[in-house]
Amino acid sequence: MPIIQFRIAIFTNMKKFSYKVLGVMSGTSLDGIDLAVVNFTKEDSWKFEIEDAETIPYPVEWKDQLSRAIEYGEDLLNNLNEEYTRYLASIISTYLKKRSIYGLDAICSHGHTIKHEPQNMYTLQIGNLPLLAQLLQHKIVCDFRVQDVQLGGQGAPLVPIGDQLLFSQYKYCLNLGGFANISTERGNSRIAYDVAPVNTVLNYYAEKLGHFYDAGGQIASSGKLIDDLFIQLGALPFYNQDPPKSLGIEWVNAEILPLLRNYESDVPSILNTFCQHVASQITRVLDNSEDSEILITGGGSYNTFLLQQIKARTKNRIIVPTDEIVNFKEALIFGLLGVLKLRGEINVLSSVTGAERDHSSGVIFEP
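Everything quoted here is computed from the prediction, not taken from an experiment.

### Observations concerning the nonpolar core
(1) Moving on: Within the largest apolar cluster, 46 residues are counted, with the highest numbers of intra-cluster contacts made by Leu 176, Ile 256, Leu 260 and Ile 282.
(2) Moving on: The greatest single-element share of this core, amounting to eight residues, is contributed by helix α11 (residues 267–283).

This is how it looks when you write it as structure tokens:
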């Protein structure tokens, strides 16, 4: 009997050292659904290779519905959750067939954030139902934020574990997506937090001029700094709070948009001022050292005007990587979060979110 027990213990503690997963991410900027097939290997450290990746833009009707869903009641949200899960399954299934992707260990999906209220111990990402595994006939790892909020954390940002394990050569990792979030090492701990809204605001105003986004920041560069607005934005209390801290669309609607609406007769100048505001908030948290590199990813890294404003305010060396990493870093890292969950290893850092402990977050659904 002792020999049998010993063999069982050895078997149950065996872990794979290579994984092929699909990382799936939908961000608050509503650009679309990011899909990345990633091969992870664990030797002395984690290595990755993005085998294939694609962004599937949202149709107008889905974009409108997701942007309005923050106002939905419980019944409408439940219906939307199921409807979105079916839509997400169809997107993933079509992609896997079109690209002839086989042999996945899991599909690791963030879902789409509708409400994020960590102060009320509540966060909702739709598309994370068991139905997803049933429809796709694949193992699903998803719903990564809820457990952290239940443990008293912000439920965000979750990407810094990937920054630590995959991009440790950079002093700072900055993502310019719907929101700007930054991560770095402080002492022996990783810290990370949301810095400011970015594309949630910039895209909103670009759309008022008939554009999905401000390509290259060209509209912003044609505007002028509105001094009073710049001062009002910089005075918002959030910016003086210590981390951990995170932002949601609720905060943008309550704190940012009311200030900007006073100047809507000049949208280019709103975009100009907001880009300068974002750059100001980002650079005030950097060490301003020529010896420190900052890795910038996310859709905002294509906003030339915004990057110019950041560069003008810091001595830090700015590194914009390949388009593949710029566009799919979050999908890549949610793939890693899923792998860590499968291994029963820590994938959320309490030093980042403020939760009561480090933990392995997410749920696993079998088909």
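### Let's talk about empty space enclosed by the protein
(1) Moving on: Counted under the stated rule, the structure contains two cavities of 30 Å³ or more.
(2) Moving on: In this structure, the largest cavity encloses a volume near 50 Å³.
(3) Moving on: Together, Pro 157, Val 159, Pro 160, Asp 163, Cys 173, Leu 174, Asn 175, Asn 181, Ile 182, Ser 183, Ala 192 and Lys 329 line the largest cavity.
(4) Moving on: Among the residues making up the lining of the largest cavity, the classes are represented as seven nonpolar, three polar and two charged.
(5) Moving on: One number sums up the size of the second largest cavity: a volume of about 40 Å³.
(6) Moving on: Counting residues per element, the ones that place at least two in the lining of the second largest cavity are α6 (160–166) and α14 (350–353).

### Quick word on the pairing of strand β5 (residues 122–126)
(1) Moving on: Of all five residues that make up β5, four are buried, and the element is covered over most of its length.
(2) Moving on: Here strand β4 (residues 106–117) runs beside β5; their pairing, made up of five bridges, is antiparallel. Considered in β5, the bridge of Lys 115 is made with Leu 124.

### Describing the packing of helix α2 (residues 60–68) against helix α3 (residues 74–98)
(1) Moving on: Interaxial distance between α2 and α3 falls to 12 Å at its minimum, and their mutual angle equals 145 degrees. As for how α2 packs across α3, the hand of that crossing is left-handed. In this structure, α2 contributes Trp 62, Gln 65 and Leu 66 to the contact, and α3 contributes Leu 80, Glu 83, Tyr 84 and Tyr 87.
(2) Moving on: Its residues assigned to classes, the contact of α2 with α3 comprises five nonpolar, one polar and one charged.

### Section: unusual backbone geometry
(1) Moving on: For the bond running from Ala 156 to Pro 157, omega is -15 degrees, close enough to zero to count as cis.
(2) Moving on: Mapped onto the elements, Pro 157 comes out in the loop between α5 (146–150) and α6.
(3) Moving on: With an omega of 5 degrees, the peptide bond running from Pro 243 to Pro 244 counts as cis.
(4) Moving on: Inspection of the secondary structure assignment puts Pro 244 in the loop between α9 (227–234) and α10 (249–260).

### As for the pattern of salt bridges
(1) Moving on: The final tally for this structure, using the stated rule, is 14 salt bridges.
(2) Moving on: Between Glu 51 and Lys 20 there is a salt bridge, and its shortest N-O distance comes to 3.5 Å. Taken together, the residues Glu 51 in strand β3 (residues 46–56) and Lys 20 in strand β1 (residues 18–26) connect sequence positions 31 residues apart.
(3) Moving on: Its relative accessible area of 18% is what places Lys 20 among the buried residues.
(4) Moving on: Two residues, Glu 82 and Arg 86, come together in a salt bridge whose shortest N-O distance is 3.3 Å. Placement of both Glu 82 and Arg 86 in helix α3 is noted, with a separation of four residues, approximately one turn of the helix.
(5) Moving on: For Glu 82, a relative accessible area of 38% corresponds to the partly exposed category.

Cut-offs used in this document
All residue numbers here refer to positions counted from 1 along the written sequence of the relevant chain. Selection of residues for local features in this predicted model requires a pLDDT of at least 70, selection of side-chain atom pairs for listing and counting requires 80 or more, and totals for whole chains, interfaces and linings are taken over all residues. With hydrogens and water set aside, each side-chain value is computed from the structure's full complement of heavy atoms. Remark: nonpolar core denotes a set of buried residues (Ala, Val, Leu, Ile, Met, Phe, Trp, Tyr, Cys) joined through side-chain atoms within 4.5 Å. Between buried and exposed lies partly exposed: a residue is buried under 20% and exposed over 50% of the maximum accessible area for its type, with that area taken using a 1.4 Å probe on protein chains only. Counting from the N terminus, the helices are the DSSP runs of H or I reaching at least four residues and the strands are the DSSP runs of E reaching at least two. In this analysis the probe radius is 1.4 Å and the grid spacing 1 Å, with only protein atoms considered; a cavity is a set of points the probe fits into but cannot get out of, a pocket is an open set with protein on both sides within 12 Å along at least five of seven lines, and lining residues have an atom within 4 Å of a point. Grid points are joined across faces, edges and corners, and a volume is the space filled by probe spheres set on the points. Gly is put with the polar residues, along with every residue not named as nonpolar or charged; the nonpolar set is Ala, Val, Leu, Ile, Met, Phe, Trp, Tyr, Cys and Pro, and the charged set is Asp, Glu, Lys and Arg. Between any two strands, pairing holds if DSSP finds at least two bridges. Angles shown run from 0 to 180 degrees and are taken between the N-to-C directions of axes, each axis being a line fitted to C-alpha atoms and, for helices, limited to the stretch in contact. Left-handed describes a crossing in which the near helix is turned anticlockwise from the far one by less than a right angle; the clockwise case is right-handed. Contact between two residues is taken to exist if any of their heavy atoms lie within 4.5 Å; hydrogens are not considered. A carboxyl oxygen of Asp or Glu within 4 Å of a side-chain nitrogen of Lys or Arg is what we treat as a salt bridge.

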